[in-house]
Each structure stands twice: as structure tokens, then as C-alpha cells.
Amino acid sequence: MGLYLVKQLAEIQDLYLNVDSELNKGSEFKILIRNTENSFLKNTKQSVVKMISNLPRESIKRCIDYTLNNSIDGSAINEKGERVSSDEIMKNWSKDFGTNKNSKDAWHLIFSINEPCNDEKTLNALVDSVSEILSRNFMGHKYALVLHTHQNNPHVHVVLNKRNDMTRRKIHFDTHDEIKDFFDEVRTDFAYSLGARG
């Protein structure tokens, strides 16, 4: 059930949802959604998700190096939670790139919030929320994320490998509307993930 429908139902009344999992046949659980003056909206934070660029192979390392220049410790965090350098990332991703000269093999994304940079709890919540959103919305994709605080608003740069490790297919959208709808959902997920962390 999409977040939009859940929000619409929650505005009507308190309700229980029975959820039958397709992945785990026979498992069922209930979710209580309580309407307490738009509680969904109260716990969301102002958040932004932007696609900065669709990168060809030759620009990926340069982009990662740029993000590392203003990082706190000079390293990125990969999809496994490991601290890695740009050289390690490129070595790990090298077999994922297309052979076509015009192939676009990675996305440069930014996740940001309008909060102070001096609160460690907020910074940890930001990084944890971005990691959660990437694992949920880009399952099977390699990525490198880097926290920045230098512009007086915390934001996370993400360089996302577009080739999925499980399917070996690249992310592809047929229309601009598909991209817009997808990123609207990612942005909503991000806001709720941040809200759940306070």
C-alpha cells in the first residue's frame, strides 16, 4: 500500500491495516494508524532530494573525489557500511560500467535537511535515513555516500551505481513522469524516515 493512500486513510480515522506479505507467504501483521491531528505531517522534517547529474564513466571518480574534499574524514560510506576511498569504489565498480561511449553509469544525488550542523544526533539521523532510503529504494545497487556540513546545512552526497548487482540491469525510466513520480516517493520516504528518528 502506497504512502499516499495510507496518509489519506489516516486523515479519516484511526484504523488497523491487515498486511499480507507476498514475500513471506502466510505471514500477516497489523498496523495501527492513529489520526492525531495529522500526526504523519507533524513528524516529517523539511527535506530535499535532488538528482544533480547523470554521470558517464569518466566523471564518476572526479565526482566522488569532489564530495570527499569537503567530507569530515576523507572517506565515503558504501552500501555495506564500510568506509572507502574513491580508488576502492572505482575498483569495485569497474565491471559495472557500460561499453557504449555515451553510457551514463551513475547518478549524483543530494539529500539535505534544513537543520543546524552542530547537532551530532541530527547528523547521525540524516546519514542513517539516507542509508535506509538507499537500501529500500535502490536495493542491489552500490553507492558511496558522504556527509557534508561545510555550507551550514547538513547534506549527504550520494554517488549511485546505476547497475543492479542482482539483475545486472541499469536503472531506466521511460518517461519524465516516471522519474518525477519515483523521486517524489523517495522524497516522501526520506521525510518520514527522518521524522521517525526525531
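Refer to the preceding data block for the structure.
As the structure is a computational prediction, the values presented were derived from the model and not from experiment. (Residues numbered from 1 in each chain as written. Predicted model: local features only at pLDDT ≥ 70, side-chain atom pairs only at ≥ 80, totals over all residues. Heavy atoms only, no water.)

Caption draft 1: How the structure looks around the layout of surface pockets. If you add up the space inside the second largest pocket, you get close to 190 Å³. Lining of the second largest pocket is provided by Ser-71, Ile-72, Asp-73, Ser-75, Ile-77, Arg-83, Asn-124, Val-127, Asp-128, Leu-145, Val-146 and Leu-147. At the level of elements, helix 5 (120–137) and strand 7 (141–148) are the ones that each hand at least two residues to the lining of the second largest pocket. Residues belonging to the lining of the second largest pocket are distributed by class as follows: 6 nonpolar, 3 polar and 3 charged. (1 Å grid on protein atoms, 1.4 Å probe; cavity = no way out; pocket = protein on both sides within 12 Å on 5 of 7 lines; lining within 4 Å. Points joined across faces, edges and corners; volume = space filled by probe spheres on them. Helix = DSSP H or I, 4+ residues; strand = E, 2+ residues; numbered from the N terminus. Nonpolar A, V, L, I, M, F, W, Y, C, P; charged D, E, K, R; others polar.)

Caption draft 2: Expanded view of a negative patch on the surface. A cluster of acidic side chains, namely Asp-174, Asp-177, Glu-178, Asp-181 and Glu-185, defines a negative patch on the protein surface. When you line up the elements, Asp-181 lands in helix 6 (residues 176–196). Relative accessible area serves as the criterion here: at 49%, Asp-181 is assigned to the partly exposed category. (Patch = residues over 30% accessible without salt bridge, like charges linked within 9 Å, V, L, I, M, F, W, Y side chains within 5 Å. Areas by Shrake-Rupley, 256 points an atom, 1.4 Å probe, with all protein chains shown as cover. Salt bridge = Lys/Arg side-chain N within 4 Å of Asp/Glu carboxyl O. Lys, Arg positive; Asp, Glu negative; His and termini not counted. Charge placed at Lys NZ, Arg CZ, Asp CG, Glu CD. Buried < 20%, exposed > 50% of the residue type's maximum accessible area, 1.4 Å probe, protein only.)

Caption draft 3: Spatial organisation of the packing of helix 5 against helix 6. Put simply, helix 5 and helix 6 touch, their axes get as near as 9 Å, and they point 140 degrees apart. One finds that helix 5 runs oblique with respect to helix 6. Of the two elements, helix 5 crosses helix 6, and the hand of that crossing is right-handed. In this structure, helix 5 uses Ala-125, Leu-126, Ser-129, Val-130, Glu-132, Ile-133, Arg-136 and Asn-137 to contact helix 6, whose residues at the interface are Phe-182, Val-186, Asp-189, Phe-190, Ser-193 and Leu-194. Grouping the amino acids of the contact of helix 5 with helix 6 by side-chain chemistry returns 8 nonpolar, 3 polar and 3 charged. (Axes fitted to C-alpha atoms, helices over the stretch in contact; angles between N-to-C directions. Parallel < 35°, antiparallel > 145°, perpendicular 65-115°, else oblique. Left-handed = near helix turned anticlockwise from the far one by under 90°. Contact = heavy atoms within 4.5 Å.)

Caption draft 4: Representation of the environment of Thr-188 within the structure. If you trace the backbone, Thr-188 turns up in helix 6. The exposure class assigned to Thr-188 is partly exposed, which follows from its relative accessible area of 24%. Engagement of the side chain of Thr-188 in a polar contact is seen with the backbone oxygen of Asp-184, the distance being 3.0 Å. (Polar contact = N/O pair within 3.5 Å; in protein donor to acceptor, adjacent residues only side chain to side chain.)

Caption draft 5: How the structure looks around the packing of aromatic side chains. Per the counting criterion, the structure on display carries 7 aromatic pairs. Considering the side-chain rings of Phe-111 and Phe-190, the 5.1 Å spacing of their centres and the 80 degrees angle between planes classify their relative orientation as edge-to-face. Pair noted here: Phe-111 is in strand 6 (residues 104–113) and Phe-190 is in helix 6, with a separation of 79 residues, a long-range link. Residue Phe-111 is classed as buried on the basis of its relative accessible area, which comes to 0%. Where Phe-182 meets Phe-183, the ring centres are 5.4 Å apart and the plane angle is 85 degrees; that geometry is what we call edge-to-face. The exposure class of Phe-182 is partly exposed, given its relative accessible area of 21%. By the ring-pair criterion, three or more aromatic residues cluster together here, those being Trp-107, Phe-138, Phe-173, Phe-182 and Phe-183. (Phe/Tyr/Trp six-rings, centres within 6.5 Å; stacked < 30°, edge-to-face > 60°.)

Caption draft 6: Quick look at the pattern of salt bridges. Under the defined criterion, the tally for this structure stands at 13 salt bridges. With a shortest N-O distance of 3.3 Å, Lys-170 and Asp-105 are connected by a salt bridge. Taken together, the positions of Lys-170 in the loop between strand 8 (155–164) and helix 6 and Asp-105 in strand 6 put the pair 65 residues apart, joining distant regions of the chain. A relative accessible area of 26% places Lys-170 in the partly exposed class. Residue class for Asp-105 comes out buried when judged on its relative accessible area of 2%. Ionic pairing is found between Arg-197 and Glu-132, a salt bridge with its closest N-O pair at 2.8 Å. One end of the pair, Arg-197, is in the segment after helix 6; the other, Glu-132, is in helix 5, with 65 residues separating them in the sequence.

Caption draft 7: Just the environment of Arg-187, in detail. Its location among the elements puts Arg-187 in helix 6. With relative accessibility at 28%, the residue Arg-187 sits in the partly exposed group. Residues Arg-187 and Ile-133, 54 residues apart in the sequence, show an inter-C-alpha distance of 9.1 Å. Other than its neighbours up to four places away in sequence, Arg-187 contacts Ser-47 and Val-49.

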